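# Fold and contact review
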Amino acid sequence: MNDMIDYTKRTSYLGDLEKQRSAHKLVFEGSFNPGLPERGYNNRTLYINLSTRTIKEKPVTEQMKEIFIGGRGFGLWYLWNAVKPTTKWNDPENEIIISPGPLGGNTQYPGSGKSLVVSLSPLTDIPIDSNVGGHFGPLMKFSGFDALEIQGKAESDVVIFIDGQKGIIRVEEAPLESVDSHIAADIFTHMYAADEFDRRNISVIASGKGADHALMGCLNFSWYDIRRGVARLKQAGRGGIGTVFRDKKVKAVVVRGPTVKGDMNRPADIDRVRNTGIRLHREIHDNDDKQCHMRTQGTAHLVEVMSDYDLLPVCNFQYGSHEDVKNIASYTWGERFTQGIPDGCWLGCSMGCSKGADGHIVKTGPYKGHSVTVDGPEYETAAGLGSNCGIFDRDWILEGNFYCDTYGIDTISFGTSCSFVMECWQRGILNAERTGGIELTWGNGAAQMELLHQMARNEGFGAIVGQGVARMKKLFAEKGWGDPKLLADIGMEAKGLEYSQYLSKESLAQQGGYALTNKGPQHDEAWLIFMDMVNNQLPTFEDKAEALHYFPMFRTWFGLNGLCKLPWNDVEPEDNRKANSPMEAAKVPSHLQNYCDLFSGITGREMNRDELVFMSERVYNFQRVFNLRMGKGLRKFDQAPYRSTGPVTREEYESRAERYDKQLKEQIGVDPSGKSVDEKIALHRKWREDRYQKLCDAVYKRRGWTKDAVPTLETLKKLGIDFPEVVDVVKKFL
Ligand code: SF4
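Notes on the structure in this doc start here. The shown structure was predicted, so the numbers you read here are calculated from the model rather than taken from an experiment.

Each value, and the rule that gives it
Residues numbered from 1 in each chain as written. Predicted model: local features only at pLDDT ≥ 70, side-chain atom pairs only at ≥ 80, totals over all residues. Heavy atoms only, no water. Helix = DSSP H or I, 4+ residues; strand = E, 2+ residues; numbered from the N terminus. Buried < 20%, exposed > 50% of the residue type's maximum accessible area, 1.4 Å probe, protein only. Contact = heavy atoms within 4.5 Å. Areas by Shrake-Rupley, 256 points an atom, 1.4 Å probe, with all protein chains shown as cover. Lys, Arg positive; Asp, Glu negative; His and termini not counted. Charge placed at Lys NZ, Arg CZ, Asp CG, Glu CD. Near = heavy atom within 4 Å. Nonpolar A, V, L, I, M, F, W, Y, C, P; charged D, E, K, R; others polar. Pairing = 2+ DSSP bridges. Axes fitted to C-alpha atoms, helices over the stretch in contact; angles between N-to-C directions. Parallel < 35°, antiparallel > 145°, perpendicular 65-115°, else oblique. Phe/Tyr/Trp six-rings, centres within 6.5 Å; stacked < 30°, edge-to-face > 60°. Lys NZ or Arg CZ within 6 Å of the ring centre and 35° of its normal. Expected span 1.5 Å × (residues − 1). Salt bridge = Lys/Arg side-chain N within 4 Å of Asp/Glu carboxyl O.

So, about the overall build of the protein. Of the regular secondary structure elements, the protein holds 31 helices and 17 strands. Projecting the C-alpha coordinates of the protein onto the three principal axes gives extents of approximately 80 × 55 × 55 Å. Expressed as a percentage of its 734 residues, the buried residues of the protein come to 65%. A separation of at least 24 residues holds for 72% of the contacts in the protein among residues at least 6 apart in sequence. Accessible surface, the protein as shown: approximately 24,600 Å² in total, 49% of it carbon and sulfur. Here the protein contributes 92 positively and 98 negatively charged side chains, and the mean placements of these two sets differ by 3 Å.

Take a look at the structure:
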């Protein structure tokens, strides 16, 4: 199919550019001295308040660098200082903080261009952090800032333009441009670039019409793809930050940085950084085709692997595999993605997994008939919009991916919300009268799209779906639609955030990996299914607790430093499994050493593997205290919907009856013969829920928390985060 696609041919949106530009009006402006970081830091943050029309620089202190490092850490610290315990997501004092971290923007080590975005989430009412590619964070950093804090609300739609070449910040009223991201990113790239060459120095953050109304709005971060001649998009997807962005009436944030060169972090030891990068580039070159195929299939390479292991969510996490998975398997995406051009979401990422499907002809909605480049799908999107909704059609998945991105909607939350209402339809909880005529049958791609278009128009049943699973469960129960207990069991959310796309029923550690997270069930804290379920490397509660201590702490570190997790373990040295014990191999020790070398090489601060985890532990515990301060964070908020823990329905039980019967006999000590399916489900439930509570006890103990999930004063002291205001919060719960 690729041979037939001319990837330079796509619908153009630039015809009205001059008219749109001339409609801009300056609201307020400021100036700064552009500068490059020294050893990864600029030592200043850009603060913009849209209500008070204030622009100022804030110092980044040595204490901030020591304790919070950067990225997610800086975001949490600034947010903590900006909000009160009573602040809601749509209060003006809520902030959006964007920070790339001290290692962000280096072009030597693959996966070093991430921005971390932090805000109070509309879905969860607690801090959310999201890790996103695209060039914004590095270009902002090379303009002179370690973070951008946006507070307040504008009176009408504005564009914030940070010109890192001239040292000017302008906030402009921008009444005419579309808010939809595929257009906004392209238009603003052309509008603010001095010439064709300069487009590569521009990155745009935009959201979309969907985020104007739905609570699951995402942000798109762009980079200009010079080969395709189009602005590409990566998403800060989780938790509704796009909704906060649009509530602040921001249409776009645009940065124009200097042209990137290899030494712009001005590292302490460039040779150490370079040599560390060369080692990984070699591994990717030699091993990717044998291991994960990230360079040709992106994360979509996981689709059939998950189905083979009964881990692919099918029909709202009821089942783990499906015979039609072949229609959306990795090789089908390999065919559909445009090959042979670099697809890194930051310069120097030789893993290049940010695949694009060019030439998608849109078949529904306002862009029907347009030819577009779809960024993705990633695995989560293929599973969330696809298998989990019973949709095994590549074109519908691309259609949904395109509209979610351009409307500014998180594909994961939307996929899980859509699968929830489809199951409600299956069980008669919803019908055509209740959905306004949308037939939410499994596999109905057109119905899924209609929900999305309604969400963007803020009308009909789609507007309800846009509020997310937690609010739908409450609403349906209030209306008397379905048994509230069943709704609680099958509505796949925790803390208000929708589950990402892995089946966790057979992995107790992953049940914790999801529900014990700080921000809500997202796999970027811990992905333990293979270690736990497939390889049986975590047999005891203590083993699982150790993994649920180490991996979330370790993975937090990527978010402090502007790094992508994928190059850590989606490729590994050929001898990794032979040279190390299974637990050690899972950590990929040679890559851990790379990260220590990279950090020390850039910042000049020597560190080792233990310190790496210690750094993350500080920020992770601080985030838990932040949750407590906002009224969540206790054990009761770490509980999971039963669908993530075990079989809810008879059909689910019967689909794996042999396995479940065996577990009854061998692990629960009950002879299943003669028992009804309902009796067996009840026995399983008791056993599984009890195990989950034991897991919570073990994890809290390992993390130095009380039985109610509160970090103890000793833990805070050990971590050096026993600031008076932190201690005050914790004391209320001890
Ligand atoms: S591995 Fe993929 S997502 Fe990560 S930085 Fe590279 S291209 Fe971007």
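Attention shifts here to the site of the ligand. Around the ligand, 13 residues are found, and the nearest of them are Gly111, Cys345, Cys349, Cys353 and Cys564. Tallied by class, residues from the shell around the ligand come to six nonpolar, four polar and three charged.

Let us now look at the side chain of Thr649. Its place among the elements puts Thr649 in the loop between helix H26 (609-629) and helix H27 (650-655). Take Thr649: its relative accessible area is 8%, and that puts it in the buried class. Apart from the residues lying within four places of it in its own chain, the contact partners of Thr649 are Gln318, Arg427, Arg643 and Ile681.

To continue, consider the sheet that holds strand E6 (residues 127-132). Across the sheet, six strands lie side by side as E3-E2-E7-E4-E5-E6; this open sheet has mixed pairing. Two strands in the sheet have a free side with no partner beyond their single neighbour: strand E3 (54-59) and E6. Direction aside, the axes of adjacent strands within the sheet are offset by 15 degrees on average. Sheet analysis places strand E4 (residues 95-99) next to strand E5 (residues 115-120), joined by three bridges and oriented antiparallel. Paired with Ile98 across the two strands is Val117, which belongs to E5.

So, on to unusual backbone geometry. Excluding glycine, residues mostly carry a negative phi; peptide bonds, for their part, are mostly trans. For the bond from Gly376 to Pro377, the omega torsion is 10 degrees, close enough to zero to count as cis. Mapped onto the secondary structure, Pro377 falls in the loop between strand E15 (371-375) and helix H11 (379-386). Phi is positive for Lys249, which is not a glycine, with a value near 60 degrees. Its location among the elements puts Lys249 in the loop between helix H6 (241-247) and strand E13 (250-256). In this model, Cys315 sits at a positive phi of 55 degrees, which is unusual for a non-glycine residue. Mapped onto the elements, Cys315 comes out in the loop between helix H9 (303-308) and helix H10 (330-336).

With that settled, consider the sheet that holds strand E12 (residues 230-236). Either a parallel or an antiparallel arrangement is found when strands of a sheet pair, and the pairing is made through backbone hydrogen bonds. Pairing is mixed in the open sheet, where seven strands are placed in the order E1-E9-E8-E13-E10-E11-E12. Taken across any chain shown, the strands that pair with only one partner, and hence form the sheet edges, are strand E1 (25-31) and E12. Across this sheet, the average inter-strand angle for adjacent strands is 20 degrees, counted without regard to direction. Relative to strand E9 (residues 168-173), strand E8 (residues 158-163) runs antiparallel, the two sharing six bridges. Its bridge partner being in E9, Val158 is matched across the sheet by Glu173. Lying over the sheet, helix H5 (residues 181-192) contacts E8, E9, strand E10 (202-206), strand E11 (219-225), E12 and E13, oriented at roughly 145 degrees with respect to E10.

Once that is clear, we can look at the pairing of E4. Summarising burial for E4: five of the five residues are buried, a large majority. Neither face of E4 is exposed, since Glu95, Ile97 and Ser99 on one face and Ile96 and Ile98 on the opposite face are all buried. As paired strands, E4 and strand E7 (residues 147-151) are joined by four bridges and run antiparallel to one another. Within the sheet, the bridge partner assigned to Ile98 lies in E7 and is Leu148.

Moving on, we come to the pairing of E12. The element E12 is extensively covered by neighbouring structure, given that six of its seven residues are classed as buried. Taken together, the seven bridges between E11 and E12 define a ladder with antiparallel strand orientation. Each residue of the ladder has a partner; that of Asp225, found in E12, is Val230. As consecutive antiparallel partners, E11 and E12 are separated by four residues, and within that stretch Gly229 has a phi angle of approximately 70 degrees, a positive value.

Turning our attention to the packing of helix H25 (residues 589-603) against H26. It is at 9 Å that the axes of H25 and H26 come closest, and there the two elements cross at 75 degrees. With respect to H26, the axis of H25 lies roughly perpendicular. Here H25 contributes Pro589, Leu592, Tyr595, Cys596 and Phe599 to the contact with H26, which in turn contributes Arg609, Leu612 and Met615. Tallied by class, the residues present in the contact of H25 with H26 amount to seven nonpolar, no polar and one charged.

A few words now on the side chain of Asn401. Looking at where Asn401 falls in the secondary structure, it is placed in helix H12 (residues 394-407). In contact with Asn401, other than residues within four places in its own chain, are Val374, Asp375, Gly376, Pro377, Glu378, Thr381 and Leu385.

This next bit is on the packing of aromatic side chains. Counted according to the given criterion, the structure contains 40 aromatic pairs. Between Tyr41 and Phe74, the ring centres sit 6.4 Å apart and the planes meet at 35 degrees, which makes this aromatic pair tilted. Here Tyr41, found in the loop between E1 and strand E2 (44-49), pairs with Phe74, found in helix H3 (residues 72-82); they are 33 residues apart in sequence, far enough to count as distant. Accessibility classification places Tyr41 together with Phe74 in one group, the buried group. Ring geometry for Phe402 versus Tyr403: centroids 5.0 Å apart, planes at 65 degrees, classification edge-to-face. By the burial criterion, Phe402 is buried, and Tyr403 matches it. Counting every residue linked through ring pairs, the aromatic cluster contains Tyr109, Tyr550, Phe551, Phe554, Trp557, Phe558, Trp568, Tyr595 and Phe599. The ring of Tyr41 has Lys65 sitting right over it, with the charged end atom 4.8 Å from the ring centre. Over the aromatic face of Tyr642 sits the side chain of Arg685, whose NZ or CZ is 4.2 Å from the ring centroid.

Relative to the 21 Å expected for 15 residues at 1.5 Å per residue, H25 spans 21 Å between its end C-alpha atoms, a close match to the ideal helical length. Most of H25 sits out of view: 13 of its 15 residues are buried. Gly604 lies just past H25 and shows a positive phi near 80 degrees.

Across all of its chains, the model carries 70 salt bridges by this definition. Put simply, Arg232 and Asp375 hold a salt bridge, and the shortest N to O gap is 2.5 Å. Residue Arg232 is found in strand E12, and its partner Asp375 is found in strand E15; the two are separated by 143 residues along the sequence. Of the charged contacts, one joins Arg272 and Asp597 as a salt bridge, the two residues approaching to 3.1 Å between their closest N and O atoms. Separated by 325 residues along the polypeptide, Arg272 in helix H7 (residues 270-287) and Asp597 in helix H25 bring together distant segments of the chain. A relative accessible area of 24% places Arg272 in the partly exposed class. A network of salt bridges, in which partner residues are shared, links Arg10, Asp225, Arg228, Arg232, Asp343, Lys355, Asp358 and Asp375.

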